[in-house]
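Listed here are the chains, written in short residue letters.
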Amino acid sequence: MPVLNRIASYAEEMKGWRRYLHQHPELAFDCHDTAAWIAERLREIGVDEIHEGIAKTGIVALIKGQSAGPVIGLRADMDALPIEELTGAPYASTVKGKMHACGHDGHVTMLLGAAKYLAETRNFAGTVALIFQPAEEDGGGGQVMVQEGIMDRFGIGQVYGIHNAPNIPFGHFQTTPGPLMASVDTAVVKVTGKGGHGATPHECVDPVVAIVGMVQALQTIIPRNVYALDEAVISVTMIHTGSASNIIPEDGTFAATIRCFKPDVRALLKKRFHEIVEGHAAAYGVTAQIDYDWGYPATINHEEEADFAAGVAREVSGEEAVDARAGREMGSEDFSYMLEARPGAYLFLGTGPGAGLHHPAFDFNDEAAPVGASFFARLVERAQPLG
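The rules behind each value
Residues numbered from 1 in each chain as written. Predicted model: local features only at pLDDT ≥ 70, side-chain atom pairs only at ≥ 80, totals over all residues. Heavy atoms only, no water. Axes fitted to C-alpha atoms, helices over the stretch in contact; angles between N-to-C directions. Helix = DSSP H or I, 4+ residues; strand = E, 2+ residues; numbered from the N terminus. Parallel < 35°, antiparallel > 145°, perpendicular 65-115°, else oblique. Left-handed = near helix turned anticlockwise from the far one by under 90°. Contact = heavy atoms within 4.5 Å. Nonpolar A, V, L, I, M, F, W, Y, C, P; charged D, E, K, R; others polar. Pairing = 2+ DSSP bridges.

*Asks:* In this structure, what is going on with the packing of helix H2 (residues 11-23) against helix H3 (residues 32-45)? I would like to understand it.
*Replies:* Packed helices, taken two at a time, are described by the angle between their axes plus the distance between the axes. Interaxial distance between H2 and H3 falls to 11 Å at its minimum, and their mutual angle equals 165°. Between H2 and H3, the crossing angle belongs to the class labelled roughly antiparallel. In the crossing of H2 with H3, the sense of the turn from one axis to the other is right-handed. On H3, the residues that touch Trp17, Tyr20 and Leu21 of H2 are Thr34, Trp37, Arg41 and Ile45. Partitioned by chemical class, the residues of the contact of H2 with H3 number five nonpolar, one polar and one charged.

*Asks:* Explain the sheet that holds strand E5 (residues 156-165) here, please?
*Replies:* The eight strands are arranged E1-E2-E4-E3-E5-E16-E6-E15 in an open sheet whose pairing can be described as mixed. The open sheet has two edge strands with one neighbour each: strand E1 (49-54) and strand E15 (322-323). One ladder, built from five bridges, connects strand E3 (residues 67-77) with E5; its direction is parallel. Among the inter-strand pairings, Val71 is bridged to a residue of E5, identified as Ile156. Across the sheet, helix H10 (residues 303-317) lies against E5, strand E6 (173-174), E15 and strand E16 (344-350), angled at about 35° from E16, the strand it touches most.

*Asks:* Can you help me understand the sheet that holds strand E12 (residues 251-260) in this one?
*Replies:* Here we have four strands laid out as an open sheet, ordered E10-E12-E8-E13, and antiparallel in their pairing. Each of the sheet's edge strands pairs with one partner strand only, and the pair in question is strand E10 (232-241) and strand E13 (287-293). On average, adjacent strands in this sheet sit at an angle of 15° to one another, irrespective of strand direction. The pairing of strand E8 (residues 183-192) with E12 spans 10 bridges and is classified as antiparallel. Paired with Thr186 across the bridge in E12 is Thr257. Across the sheet, helix H7 (residues 207-218) is in contact with E8, E10, E12 and E13; its angle to E12 comes to roughly 10°. In the packing of helix H9 (residues 263-284) onto the sheet, the strands contacted are E8, E10, E12 and E13, and the crossing angle to E13 comes to about 165°.

This is the structure we're talking about:
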């Protein structure tokens with residue numbers, strides 16, 4: 001695999017970076033120590049500018065090429081998850097209840113590796129904007145960075161990102177033009193009736209029966225309201241109610257995740273969700289309070305940029321190791337906000353066999369960091385060549 005030779009020579013240093021980050025996870029926007037550590041590495045690398053405190057703990061660092069030209073953005077997320085680690089690794093998380101279970105430690109490492117190479121060689125025109133983003137897992141840090149104006153402030157013309165992908169063959173890239181990952185909305189419904197003794201249900205208004213009816217009816221939306229070729233998912237993932245077998249509770253709550261790729265389908269899902277819940281509430285004589293959170297939009301690659309990025313990936317990993325028309329998936333990603341603001345693309349990089357993302361035994365494959373760094377570096381050199 002033609003990893004850039006100079007980046008290959010950083011492999012042990014990059015492993016050290018990644019394992020340090022793995023030991024010191026931070027959540028959401030509270031990535032203060034992580035950001036400070038990244039800024040220190042960027043100063044050692046010799047980037048031209050470091051702009052801190054964006055979206056609370058985000059960073060944008062600039063590396064200038066040998067001649068004038070456009071600005072290309074490269075993004076890495078840096079937050080961890082509230083999971084107790086079970087890897088047993090000697091570099092396991094030192095923070096109880098927090099771990100890098102999604103590989104953002106590896107994403108930061110890949111971008112730092114690319115930064116070191118680009119700052120040394122500067123074999124490109126224009127400027128590279130290195131975007132280190134907090135709160136991908138929770139909080140929409142990508143949206144906040146866009147809202148705080150990074151695209152206009154730094155003149156970013158296009159933007160790219162990578163996510164590691166366990167159980168995809170090592171070094172293989174996957175992407176596709178158009179929708180790659182789904183939008184994600186969350187609904188929490190509180191159903192209130194009238195509690196009482198389980199022996200006298202006629203004196204009660206049972207929220208349990210109402211919730212069961214609502215949940216079953218919600219499963220009809222996809223097959224009966226959504227066009228069969230428009231993928232969508234509604235999964236009810238929590239139901240909480242009751243305290244004893246002989247008590248009809250006063251209320252209950254259920255929650256669902258709602259995912260799709262098209263804005264019109266997204267609007268339809270919300271409309272039908274409300275209609276079904278409200279209609280069943282009336283039928284069962286309960287009240288229903290719906291908290292419907294409009295979450296991350298679909299991650300939609302721009303066609304030209306996705307094809308370009310796939311071509312760069314072929315240079316790094318070879319023709320057979322790149323699927324440029326991969327299937328889309330129902331996971332979500334707040335890089336979507338950056339792709340709404342600027343042309344660009346998002347890709348998956350296979351890291352080989354291992355525990356899946358968000359699993360307490362997950363661990364990023366350190367051998368993948370030079371591959372990702374080489375992709376980022378070559379992307380810049382191909383997008384903004386000298387002369």
